[in-house]
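# Structural description and commentary
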Number of protein chains: 2
Amino acid sequence: MRTKAAVAIEAGKPLEVMDVNLEGPKEGEVLVEIKATGICHTDEFTLSGADPEGLFPAILGHEGAGVVVEVGPGVKSLKPGDHVIPLYTAECRECEYCLNPKTNLCQKVRSTQGQGLMPDGTSRFSMLDGTPILHYMGCSTFSNYTVLPEISLAKVREDAPFDKICYIGCGVTTGIGAVLYTAKAEIGCRAIVFGLGGIGLNVIQGLRLAGADQIVGVDLNPAKVEMAKRFGMTDFVNPAEVEGDLVPYLVNLTKGGADYTFDATGNVNVMRTALEACHKGWGESIIIGVAPAGAEISTRPFQLVTGRSWRGTAFGGARGRTDVPKIVDWYMEGKIEIDPMITHVLPLEDINKGFDLMHAGKSIRAVVQY
Amino acid sequence: MRTKAAVAIEAGKPLEVMDVNLEGPKEGEVLVEIKATGICHTDEFTLSGADPEGLFPAILGHEGAGVVVEVGPGVKSLKPGDHVIPLYTAECRECEYCLNPKTNLCQKVRSTQGQGLMPDGTSRFSMLDGTPILHYMGCSTFSNYTVLPEISLAKVREDAPFDKICYIGCGVTTGIGAVLYTAKAEIGCRAIVFGLGGIGLNVIQGLRLAGADQIVGVDLNPAKVEMAKRFGMTDFVNPAEVEGDLVPYLVNLTKGGADYTFDATGNVNVMRTALEACHKGWGESIIIGVAPAGAEISTRPFQLVTGRSWRGTAFGGARGRTDVPKIVDWYMEGKIEIDPMITHVLPLEDINKGFDLMHAGKSIRAVVQY
């Protein structure tokens, strides 16, 4: 079939919206009509050329929601008409990782996904002249129709609006999951969130959901304050306005250090501050942000020997097929908010404007609606 | 009263065995006759002058066992004749730390202990000419008699031999505790232990106790192999004999990386290797060793984002008054071994020989018997 898609022809160039060929689903695969997709910093990271593993030409996008159109042979858990959220972290429920309760990093389709291919080692996308186009993060939600492995789709309730729940495909789950699944933050805890962008806001509402007593937001941009407060931030710290070192300031503010800190900046210096602002004895720092290639974190080992832990999270520690439907429920039940974070809705033709808004810091989330 | 003690007059000098004055126990304090004490690398670290917080003159030693001689006013949990192990990590059971199940770092006497003083801010030791001598790690077990806070003493069974259980006051508990209390290693896990000295051997027997399937020991000294095997090591790796990088070698040996790794070297480069040899998704690396002043650990944050955790432990995460008596029981019941690790027993007069044996790598533990 043919479908409209925004294609990343090469690094550093705007996406090109065009018709492309899409082969139907093979064994264990599913054809999905994407109804809406968010534009995430990770798409930008790859498009910019900064991602050392970026491959081109490719159809980016990994934060979508849509409807099953057709299922390939052997697909049992989905049928045409089902509403789904694509998962860049699959959940096969049978690999060594899925069977270990300590991780969500299913490895079943990992290697081919990293190569921009379906599990059989081929792509379903091609240009009209036959040039193959690669998949991206196993999702390629910047195409109106896309093909995914069955295990890379979370089935969700049908009354949830696509243009909101698409954000659960990455940002919402990453932020809330970091709190609930990775940190397992307890009621009454004190926490610090570094970076008040889309991920940071979701960490904040995750902390509110967990019953945190103090939620400190740290950002150089005071324009972030209003929205962060709305999602539950109790204290704002602008490092540019702190006299002296930031770590002792934050330790003092949190009465001895935070029980949990979260880096949502990707800056390795901030990651160090986040670790060292943790409470002695039990504070845990969770790295969410993606650092530039080759950048390293460092600290004195004394920080760990005296009881701080340094950890990280991918997709918020969520098991996609199991947890994403629950997060959709939480949204529909009003336990979490998404609507105020969807600041812009665009047609596919304007997708590059969505990237511009992100660059300019004007959007929290721009969503493309097909 | 007067007591015989080995006094550290200044950094870098041998200890001097002499008679010193010891004041009796004040409110909440206990006078203990030390029957035996191990000589630990931490004593050496301070004596050498490398410890930036080292203070002199002081009576070192923190790995002892003895008998209560006299209790000060208000002491309720101990009476003369009780057998005890001094604790450099107290357990008051009422501070914010003791009441948090995530840590063992009781802070009740921490600040005065760090200054070489009793909780009231004074020392009980002095030279015969009246010159004050400082306490060390709240223990000062290199004195035949010493005074400690009640909360810094674990009461243990009376049939346990002092010259063996003194080692539970630091090395045994640090190593076994790192496995059981900090890592909480599960049956069937794979683990790597870096450094096969006294701590490393106890990590190994802790792993055996926990039911680990694979216990890899890493050391540059092949002379360590025999003893490590005796305590449960299943595989030995000498980094000097590995062609290429050590990390992929260890990852391969442990079929994807270790579930738990332990640094018992204090070398920050080894700490990095230990982290990176952890299994993706869930591997945890525990720092036990004390690094040189100012040394820093570093790695790419990707190591954490893909599921590895970096942690540390002090006194093996053990709560002294609660856990040390249990570890003494385990020794008496044959669940753990100590005897083969006590390689030398010396009188106090020969204590400097114990330090020489440690320098020469000839002892696992030299014990002074009073």
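Everything that follows concerns the structure shown earlier in this document.
As a starting point, this report considers the structure included with it. (Residues numbered from 1 in each chain as written. Chains lettered and ligands numbered in written order. Predicted model: local features only at pLDDT ≥ 70, side-chain atom pairs only at ≥ 80, totals over all residues. Heavy atoms only, no water.)

## A closer look at the overall build of chain A
Secondary structure assignment for chain A yields 11 helices and 18 strands. In terms of overall size, chain A behaves like a compact globule, its C-alpha atoms giving a radius of gyration of 20 Å where 370 residues would be expected to give roughly 21 Å. The principal-axis extent of the C-alpha atoms belonging to chain A is close to 60 × 40 × 40 Å. For chain A, with 370 residues in total, the buried portion stands at 60%. Taking the contacts inside chain A whose residues are at least 6 apart along the sequence as the reference set, 71% of them involve residues at least 24 apart. Accessible area of chain A: about 13700 Å², with a carbon and sulfur share of 51%. (Helix = DSSP H or I, 4+ residues; strand = E, 2+ residues; numbered from the N terminus. Rg over C-alpha atoms; globule rule 2.2 N^0.38 Å. Buried < 20%, exposed > 50% of the residue type's maximum accessible area, 1.4 Å probe, protein only. Contact = heavy atoms within 4.5 Å. Areas by Shrake-Rupley, 256 points an atom, 1.4 Å probe, with all protein chains shown as cover.)

## A closer look at the interface of chain B and chain A
Across the contact, 36 residues belong to chain B and 37 residues belong to chain A. Taken together, both faces of the contact between chain B and chain A bury some 3000 Å²; the carbon and sulfur share is 57%. Among the residues of chain B in contact with chain A, Lys102, Trp282 and Val305 of chain B are the three that bury the most area, contributing 21% of the side total. For the pair chain B and chain A, the interface holds 4 salt bridges. The salt bridge involving Glu296 of chain B is made with Arg272 of chain A; its shortest N-O contact spans 2.7 Å. Those elements that place two or more of their residues in the side of chain B that touches chain A are helix H8 (268–276), strand S15 (297–299), helix H9 (302–305) and strand S16 (309–312) of chain B. Looking at the side of chain B that touches chain A, the element that brings in the most residues is S16 of chain B, giving 4 residues. Relative to S15 of chain B, strand S15 (residues 297–299) of chain A runs antiparallel, the two being bridged by 3 bridges. Pairing of Ile297 of chain A across the sheet is with Thr299 of chain B, part of S15 of chain B. (Buried area = accessible area lost by both parts, 1.4 Å probe. Salt bridge = Lys/Arg side-chain N within 4 Å of Asp/Glu carboxyl O. Pairing = 2+ DSSP bridges.)

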